[in-house]
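Coordinates in review
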Amino acid sequence: MIKLIASDMDGTLLDENSCVPPETFDLIRALRERGVRFAASSGRRYDRLCEFFGPVRDEMDFVASNGAQVYAEGRMIDREVYSHLAIKRLARTVGMFDNLHLALFDRTKSFLLDDEDKFVREVDKDLPNAERIWELPSAETSIIKASIYCEGGAVMDYAYALSRELGDEFVFAPSGSAWVDAMQRGVTKASGIRQLMDHYGIEREEVMAFGDSMNDYEIIRFVGTGCAMSNARPALRAVADRVIGCNRDQAVQAELRRVLEESA
């Protein structure tokens, strides 16, 4: 029996207008009544995710910032921050490439290492509360997420190049068509879900996850039932246990209804 469902947001749970379909809230409540937890699993920060799930934010869980922020029952149970030295190395390496632009995120701000017009807001990179900076934030600043905008695209090429330069410290995962997430080794959506599993005493075979992009790879491989969207990256579809429909057709919501029926 499924006891925990984790879903990515953009290209997965959200519709073509980047909104949560209204019926999702009722499904989350109904699943909770049947003993099935729902977690938003996203590259977005916790504060931004709460805006999407206002009506049910206290009735669900969150794996935010690609696993760096984990909340269960409204309480933070894990937060992973980057070391200042790692951020310095990342910034220096990104600076080798003229068309790469680094964005750093703490709990409330987006720090841009280039002028704002160098960045394109795409998918989960909405750059909330953006601040242009010329020097890295101080060591006292808790950076929870780092992303690189690839001007001109070619995200796979740059993800490879960055991995060759800093693969011992970071995992570089393409996100959207022009961004690469620089994730700390060992910190992924899967590590965040493991925290929730330990918190609730849930086993892997009791977990289902949905995703569409390469920052969903670890979680799709980790859980008992990993579902890729039909609009997902080809590599993700290849390793998923199941391929479902498209986010535009609200395929995740259809799967939530199916789980609800099976739990009756």
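Only a predicted model underlies this, so the values are computations on that prediction, with no experimental measurement involved.

Calculation rules
Residues numbered from 1 in each chain as written. Predicted model: local features only at pLDDT ≥ 70, side-chain atom pairs only at ≥ 80, totals over all residues. Heavy atoms only, no water. Pairing = 2+ DSSP bridges. Helix = DSSP H or I, 4+ residues; strand = E, 2+ residues; numbered from the N terminus. Axes fitted to C-alpha atoms, helices over the stretch in contact; angles between N-to-C directions. Parallel < 35°, antiparallel > 145°, perpendicular 65-115°, else oblique. Left-handed = near helix turned anticlockwise from the far one by under 90°. Contact = heavy atoms within 4.5 Å. Nonpolar A, V, L, I, M, F, W, Y, C, P; charged D, E, K, R; others polar. Phe/Tyr/Trp six-rings, centres within 6.5 Å; stacked < 30°, edge-to-face > 60°. Buried < 20%, exposed > 50% of the residue type's maximum accessible area, 1.4 Å probe, protein only. Lys NZ or Arg CZ within 6 Å of the ring centre and 35° of its normal. 1 Å grid on protein atoms, 1.4 Å probe; cavity = no way out; pocket = protein on both sides within 12 Å on 5 of 7 lines; lining within 4 Å. Points joined across faces, edges and corners; volume = space filled by probe spheres on them. Salt bridge = Lys/Arg side-chain N within 4 Å of Asp/Glu carboxyl O. Right-handed = clockwise from strand over helix to strand, strands pointing away.

1. Points about the sheet that holds strand β5 (residues 75–79)
Pairing in this open sheet of eight strands is mixed, and the strands run β5-β4-β3-β2-β1-β12-β13-β14 from one edge to the other. With partners counted over all chains shown, the strands left at the sheet margins are β5 and β14 (242–243), one partner each. In the sheet, strand β12 (residues 207–211) pairs with strand β13 (residues 225–228) via four bridges, with the strands oriented parallel. Bridging from a neighbouring strand, M208 pairs with T225 of β13.

2. A closer look at the packing of helix α4 (residues 84–94) against helix α5 (residues 155–166)
When two helices pack together, their arrangement is captured by the angle between the axes and the distance separating the axes. It is the contact of α4 with α5, at a shortest axis distance of 11 Å, that shows an interaxial angle of 130°. As judged from the angle between their axes, α4 and α5 are oblique. When you trace α4 past α5, the crossing you get is right-handed. Contacts between α4 and α5 involve R89, L90, T93 and V94 from the first element and L162, E165 and L166 from the second. Each residue belonging to the contact of α4 with α5 can be placed in one class, and the counts come to four nonpolar, one polar and two charged.

3. With respect to the packing of aromatic side chains
Tallied over the full model, the rule gives eight aromatic pairs. Residues F97 and Y158 carry aromatic rings whose centres are separated by 5.8 Å and whose planes lie at 80° to one another, so their mutual orientation is edge-to-face. Placement of the pair is F97 in the loop between α4 and β6 (100–105) and Y158 in helix α5, with a sequence separation of 61 residues. The exposure class of Y158 is buried, given its relative accessible area of 17%. With centroids separated by 5.8 Å and ring planes inclined at 45°, the aromatic side chains of F170 and F172 adopt a geometry described as tilted. Like F170, the residue F172 is buried in the burial classification. The rings of F38, Y46, F53, F62 and Y71 are connected pair by pair, giving a single aromatic cluster. Residue placement shows R132 over the ring face of W134; its charged tip is 4.2 Å from the ring centre.

4. Brief notes about empty space enclosed by the protein
Considering all chains together, one arrives at three cavities of 30 Å³ or more under this definition. Considered as a void within the structure, the largest cavity measures approximately 70 Å³ in volume. As for the largest cavity, its lining consists of S65, N66, A68, Y82, I144, K145, A146, D181, A182, M183, Q184 and V187. Secondary-structure elements contributing two or more residues to the lining of the largest cavity are β9 (145–150) and β11 (179–184).

5. A short note on the pattern of salt bridges
In this structure the tally under the stated criterion is 16 salt bridges. A salt bridge links E23 to R257; its shortest N-O distance comes to 2.8 Å. With E23 in helix α2 (residues 23–33) and R257 in helix α9 (residues 251–262), this residue pair connects regions lying 234 residues apart in the sequence. Given a relative accessible area of 30%, E23 falls into the partly exposed group. Residue class for R257 comes out partly exposed when judged on its relative accessible area of 33%. The partner of E51 in a salt bridge is R48, with the nearest N and O atoms 3.5 Å apart. You can see E51 and its partner R48 sitting in helix α3 (residues 46–52), three residues apart, about one turn around the helix. For E51, a relative accessible area of 56% puts it in the exposed group. Put simply, R242, E255, R258 and E262 are held in one network by salt bridges that share partners.

6. Considering the environment of L13
One can find L13 in helix α1 (residues 9–13). Residues in contact with L13, not counting those within four places in the same chain, are S7, D8, P21, T24, F38, F53, V252 and Q253.

7. Let's talk about the pairing of strand β2 (residues 37–41)
Counting buried positions along β2 yields five of five residues, so the element is predominantly enclosed. Residues R37, A39 and S41 line one face of β2 and the alternating positions F38 and A40 line the opposite face, and both faces are buried. Inspection of the sheet shows strand β1 (residues 4–7) paired to β2 by four bridges, in the parallel sense. What sits directly across from I5, in β2, is F38. Alignment of β2 against strand β3 (residues 61–64), held across three bridges, turns out to be parallel. Bridging across to β3, A39 finds its partner in D61. Between the parallel elements β2 and β3, the chain passes through α3 in a crossover that is right-handed.

Everything listed is a geometric property; what it means functionally is a separate question.
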